[in-house]
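Breakdown of the fold
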Amino acid sequence: MTRECAALLPGVCAALADPRQPGLDDTCLEKLLDWFRSLTWFDPTVELVQDNPCLTELISSVLALPEPSPSILSFTLQLAGILAASENRFQHLQQEKLLERLFGRDGPRGRAVWEDASVRSAWVRGVHSMVHHQPALHFLCSGGGMDVIFALQGDPSLFVASAASQLLVHILTFSLESEASKALSTKDCLLDESVSDPVTVESLLSSKTSCAGLLCQTLAHLEKLLSLVLKTAFQATSKWLVPLQELSCSNSQCQQTDKILEDVFVVLQKRLCSPCWEVRDSSLEFLTAMIKCMRDQDGFRQCLLSSEVPRLTENLLEDPESYVRASAVTAVGHLAFVTYFAPESPVAGNQFNKENMVAKLHEILSTDSEGFPRRAVISIFTKWLREGCAGQLEDAEQFVSRVIQTVEHDLDWEVRLGGLELVEVFCSQTICQRGLSECPYAPASSAVPSSIPQDQLLRLFCRAKLFGFLFRSLCDCDKPVGQRACDILIGLRGNFYPMSTLENPREIEDSPAGRGIAWLQRTLRQGSLAQNFPTDGGNGVDFQDPESMMVALGAIDLLELHDELNKSSDHVEESPQSLLQDILATMGSVEENEVDCY
């Protein structure tokens, strides 16, 4: 661990343990756990926890909370398991009496928070990380941990049940490998994938524990094999169906193709209801691939709409597995081109269902606890806008404004970046309607450009609250977000200002708007806009005032900011130091203004 990271870590741990702080996005917490995994992998010594007592203090503080949030408790369980993977650190945590309170009878197993599937999953993952030495195995067995693992194999969450089965296989394999290393007799060792001798298998099956392990191992391999085979079959079917649809000309050929499609959808309906989440996920990916290739073909649309696939797909928006929810969002987004956006569709005129579908996706964008589904929603919204569908939903201006007000506060930087892509497409399409420039995002259905006066265009962007989102994004703690925002603002300036008529900052400070913009320029250079920018009064800037925004576009040195944002960006974005700084900036710290997110 570098000196800089060691200095930042106590603040991060304190912020994580503080129940008053807003929660971190799961993606950020996972990155932090990945960093700890890499640290412990290269350094198995006890010094990591001895030299950084804030780690054990974090665990103690979370355990002391009467009702810790599921996300922070899940993080703590996994962190403790990662640290305890080394026998030396395991003993240290045992002396601190922390492991019993996490993974033993005194842990979260008997508390209300155990009802949350993410906590049960984190418990399993923490144990999996920890059991790499005999003391950890003995601790688990003596504390009733094996009974918990056996129970979790039947957990209502398929993700937890699968993880518990994998953990059981790991424990049995580890214990048997340890026994084998002591040169015991053949009947006491070697449960692994290579066991094929009938006598050996029979001896293994005579033991209840070994039998359970062998069955779990077999089921795990079958599950992976099923998912792989299914994905391969889906890919082959897609490659075969597309040219078949294109070549079908005669009535008999069309009927034959339609029958094949009907059979495919029958199989797909069953797979969308599979208890295995990997199968549901692969089925949704297959459906999306088919729609992309065949949505313009009448036979395909008719077979799809007459099946149960659209309804089942929308049901999976509420799947317990986040990967499946994300795939369902993508599939529903592409289904909309067939169900709601195609004028010839029998359900295209059902405005109620259309609005419900959009409202459901917006709800996922606003409330889903995982990043993957939220990223999928912003991606689909951008695709709709690109293809000219937003106008069929509601006024495009209102649609974009509503979406960016949601994503602006999202803790996942990829969602915020997706919001900027949505803004870029909207701005480009709107400017193209004035005929000022060629539009790379013009929808195929767009009509002849209509003339929109420049002042109306600026007022439209202000009403949609684009400028507030763009200028605040310049100070985002994740550089790709700031870089994209800067690129968009430079593009907007090019449309509103010829280079020869840019405002001189020194000449505008005398006006009320000018003084605010000059202050904004200084604030942007500090990279602290998100922390201390007043929205009105004082030095504040009215982002919804067209005159102020016109002055801002002309006066602020966006090229200088662009150069600053691009300095050493690759190194900073990926470094653990940057990650810790981002966490402090997102959650807040005592000296929040001293944290330079750049």
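Above this text you will find the structure in question.
In what follows, the accompanying structure is described. (Residues numbered from 1 in each chain as written. Predicted model: local features only at pLDDT ≥ 70, side-chain atom pairs only at ≥ 80, totals over all residues. Heavy atoms only, no water.)

Regarding the overall build of the protein chain
Helices and strands together make up the secondary structure of the protein chain, namely 33 helices and 0 strands. Looking at the protein chain as a whole, 51% of its 598 residues qualify as buried. Within the protein chain, counting contacts between residues at least 6 apart in sequence, those at least 24 apart form 69% of the total. In the form shown here, the protein chain has an accessible surface area of approximately 28,200 Å², with 52% of it arising from carbon and sulfur atoms. (Helix = DSSP H or I, 4+ residues; strand = E, 2+ residues; numbered from the N terminus. Buried < 20%, exposed > 50% of the residue type's maximum accessible area, 1.4 Å probe, protein only. Contact = heavy atoms within 4.5 Å. Areas by Shrake-Rupley, 256 points an atom, 1.4 Å probe, with all protein chains shown as cover.)

Here's the deal with the packing of aromatic side chains
Under the definition given, this model contains 12 aromatic pairs. Centre to centre, the rings of phenylalanine 461 and phenylalanine 496 are 6.4 Å apart; their planes meet at 85 degrees, and the pair counts as edge-to-face. Of the two residues, phenylalanine 461 is situated in helix α24 (residues 454-463) and phenylalanine 496 in helix α26 (residues 479-496); the sequence distance between them amounts to 35 residues. Relative accessible area serves as the criterion here: at 4%, phenylalanine 496 is assigned to the buried category. Among the aromatic side chains, those forming a connected cluster through ring pairs are Phe103, Trp114 and Trp123. Its end group placed over the ring of phenylalanine 337, arginine 295 keeps NZ or CZ at 4.1 Å from the ring centre. (Phe/Tyr/Trp six-rings, centres within 6.5 Å; stacked < 30°, edge-to-face > 60°. Lys NZ or Arg CZ within 6 Å of the ring centre and 35° of its normal.)

A word on unusual backbone geometry
You will see that lysine 97, though not glycine, has its phi angle at about 60 degrees, which is positive. Among the secondary structure elements, lysine 97 is positioned in the loop between α6 (87-95) and α7 (99-103). The class of lysine 97 is exposed, set by a relative accessible area of 61%. Even without being glycine, lysine 465 reaches a positive phi, approximately 65 degrees. Position of lysine 465 relative to the elements: it lies in the loop between α24 and α25 (466-473). Judged by its relative accessible area of 34%, lysine 465 is partly exposed.

Notes on the pattern of salt bridges
Evaluation of the coordinates by the stated rule reveals 22 salt bridges. Between arginine 37 and aspartate 34 there is a salt bridge; the shortest N-O distance is 2.7 Å. On the criterion of helical spacing, the pair formed by arginine 37 and aspartate 34 is a turn pair, its members being 3 residues apart in helix α2 (residues 26-42). In this structure aspartate 34 comes out as partly exposed when scored by relative accessible area, which is 40%. Its salt-bridge partner being arginine 374, residue aspartate 410 comes within 2.7 Å of it at the nearest N-O pair. In this pair, aspartate 410 is assigned in the loop between α22 (396-407) and α23 (413-433) and arginine 374 in helix α20 (residues 371-386), connecting sequence segments 36 residues apart. We classify aspartate 410 as buried; its relative accessible area is 9%. Where salt bridges share partners, they join Glu30, Asp34, Arg37 and Arg125 into one cluster. (Salt bridge = Lys/Arg side-chain N within 4 Å of Asp/Glu carboxyl O.)

Some thoughts on the nonpolar core
Counting residues in each nonpolar core, the largest one holds 93 residues, and the members touching the most others are Phe265, Leu361, Trp384, Phe461, Phe467, Phe471 and Leu492. For this core, the element with the highest residue contribution is helix α18 (residues 322-339), accounting for 10 residues. Core analysis: the second largest hydrophobic core is formed by 67 residues, Leu63, Leu98, Leu102 and Leu172 among them. (Core = buried A, V, L, I, M, F, W, Y, C linked by side-chain atoms within 4.5 Å.)

Some details on empty space enclosed by the protein
Where empty space is left in the structure can be found by rolling a water-sized probe over the atoms. This model, assessed by the stated rule, comprises 1 cavity of 30 Å³ or more. Looking at the largest cavity, its volume works out to about 50 Å³. What lines the largest cavity is Ser157, Leu158, Phe159, Trp277, Arg280, Asp319, Pro320 and Glu321. Of all the secondary structure elements, the ones that give two or more residues to the lining of the largest cavity are α11 (158-180) and α15 (277-294). Tallied by class, the residues present in the lining of the largest cavity amount to 4 nonpolar, 1 polar and 3 charged. (1 Å grid on protein atoms, 1.4 Å probe; cavity = no way out; pocket = protein on both sides within 12 Å on 5 of 7 lines; lining within 4 Å. Points joined across faces, edges and corners; volume = space filled by probe spheres on them. Nonpolar A, V, L, I, M, F, W, Y, C, P; charged D, E, K, R; others polar.)

So, the side chain of serine 548
Its location among the elements puts serine 548 in helix α30 (residues 546-555). Looking at serine 548, the relative accessible area reads 7%, which means it is buried. Only 2.6 Å separates the side chain of serine 548 from the side chain of aspartate 545, close enough to count as a polar contact. (Polar contact = N/O pair within 3.5 Å; in protein donor to acceptor, adjacent residues only side chain to side chain.)

These figures come from the coordinates and say nothing about function on their own.
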